[in-house]
Amino acid sequence: MKFDFKDNKSVSYRGSHSWRDLNEQRSKRIVTIASVLRRIRGYLRYLIVLCLLFGGFWFWDTFFRATNVTEIDSNVSSTNYLSKVLFKTDGVLDQNWLAKVTQLNKRMKLMDVDIHGIKMKLEALDQITKAEVVRIFPDAIKIELFEEQPMCRLNLKTRSGEIESKMVSLNGVVFSAYGYEDSFYNSLPEFIPYNGTIEISEPINGIDRIRLLMDRYTNEVFKEDLKIDQINAKNFPAEVGMPGQVIEIKTKRIPRILLSAYDDFDEQINRLRYLLIRISVMGDPEVLKVDLSLKHSAAVQFKDPQIRAF
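Residues numbered from 1 in each chain as written. Predicted model: local features only at pLDDT ≥ 70, side-chain atom pairs only at ≥ 80, totals over all residues. Heavy atoms only, no water.

1. Structural notes on the confidence of the model for the protein chain
Close inspection of predicted coordinates is inappropriate for parts of the model with low pLDDT. Stated precisely, the cut-off is as follows: For every residue, the predictor reports its confidence as pLDDT, a number between 0 and 100. Working rule for contacts: check all heavy atoms of both residues, and any pair within 4.5 Å makes them a contact.
Looking at the protein chain as a whole, its pLDDT mean stands at 82, while 76% of the residues score no less than 70. pLDDT under 50 marks residues 1–17. Its contacts with residues more than four places away, or in other chains, come to 7 contacts. Low pLDDT, under 50, characterises residues 63–77; the predicted model gives this stretch 7 contacts beyond four residues in sequence or across chains.

2. Some remarks on the environment of P203
The line we're drawing: By the criteria applied, helices consist of DSSP H or I runs no shorter than four residues and strands consist of E runs no shorter than two, each listed in order from the N terminus.
Position of P203 among the secondary structure elements: in the loop between β7 (190–192) and α6 (207–219). Measuring from C-alpha to C-alpha, the distance between P203 and G172 comes to 4.7 Å, with 31 residues separating the pair along the chain.

3. As for the environment of E147
For the record, the criterion: Polar contact is the term for a pair of N or O atoms within 3.5 Å; when the atoms are in protein, one must be able to donate a hydrogen and the other to accept it, and sequence-neighboring residues count only if both atoms are side-chain atoms.
You can see E147 is positioned in strand β3 (residues 140–147). Along the chain, E147 and T129 lie 18 residues apart, while their C-alpha atoms are 5.5 Å from each other. When near neighbours in sequence (up to four residues on either side) are disregarded, E147 contacts T89, D90, G91, V92, L93, Q127, I128, T129 and Y180. A polar contact of 2.6 Å, which involves the side chain of E147, links it to the side chain of T89.

4. With respect to the pattern of salt bridges
The condition is simple: When a carboxyl oxygen of Asp or Glu is within 4 Å of a side-chain nitrogen of Lys or Arg, the pair counts as a salt bridge. For the exposure calls, accessible area comes from a 1.4 Å probe over protein chains only, and a residue counts as buried if that area is under 20% of its type's maximum, exposed if over 50%, partly exposed in between.
In this structure the tally under the stated criterion is 12 salt bridges. Linking K252 and D229 is a salt bridge whose minimum nitrogen-to-oxygen distance equals 3.7 Å. Residue K252 is located in the loop between β9 (246–250) and β10 (256–260), and its partner D229 is located in the loop between α6 and β8 (230–232); the two are separated by 23 residues in the primary sequence. Judged by its relative accessible area of 22%, D229 falls in the partly exposed class. Between E248 and R256 there is a salt bridge, with the nearest N and O atoms lying 3.0 Å from each other. Judged by its relative accessible area of 35%, R256 falls in the partly exposed class. Salt bridges linked by common partners bring K227, D229 and K252 together as one network.

Listed below in structure tokens is the structure:
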């Protein structure tokens, strides 16, 4: 038996009111901030709990693991003995010298080594400007030294009247020449200070001008017989503004070359070079003194009195 169906456009059959159309209309409803908050409110609790769990894990990992590492290091350092010293310097001091000064040995426990005391002891020596002393776990000490760089040699007359062989550094510090060969010591220019008696702990006044003069003179690359053998600062008290302050240098060829301490060294040395050319034209007569300290002029004294000074 067949049934006749009528197209009455009911909801169950077809038309604009199908379930699909109803869903599409529902998705087009108005969205507000309040509705969004209501939608995600249920997820916020889980997010907060998750953040707390991660925070707790990070705190445990950072604090407790760091504490465990410290305890391990402490146990190792308290039982390990010193087995080696890592030594480095920018000068000439060596391991044998260091062993005598610090008295480190392999019978000492690493944590028993007084690194601060060693640092103070080393820096108290005039030859050392800075010392770094650190422990290297599990069994080593690292010592790095920065030494004074020598510029001149000095026969120091002490207050007791004794003569001591010393060095003068680029910073004007007077120190004993530990670790230097005699040949190197003798190759340095001799320095005669303004005051023959110097306290060893005191830097030399005016050392910046003396160092600048040596640099300017050395840069000219004079012949070997004009190399500086001696720097005489007995007429250089290093008082700015005082007239007549002179630094005197000595070479094999010219025993006395006088320079004004606070005038332009480059200008004075250029005058010396010009004078040397003039003297060479004259047949290189023996010169006793060249005075470059005069303003914009110079004077030359020859050994032969028949030669007129100029």
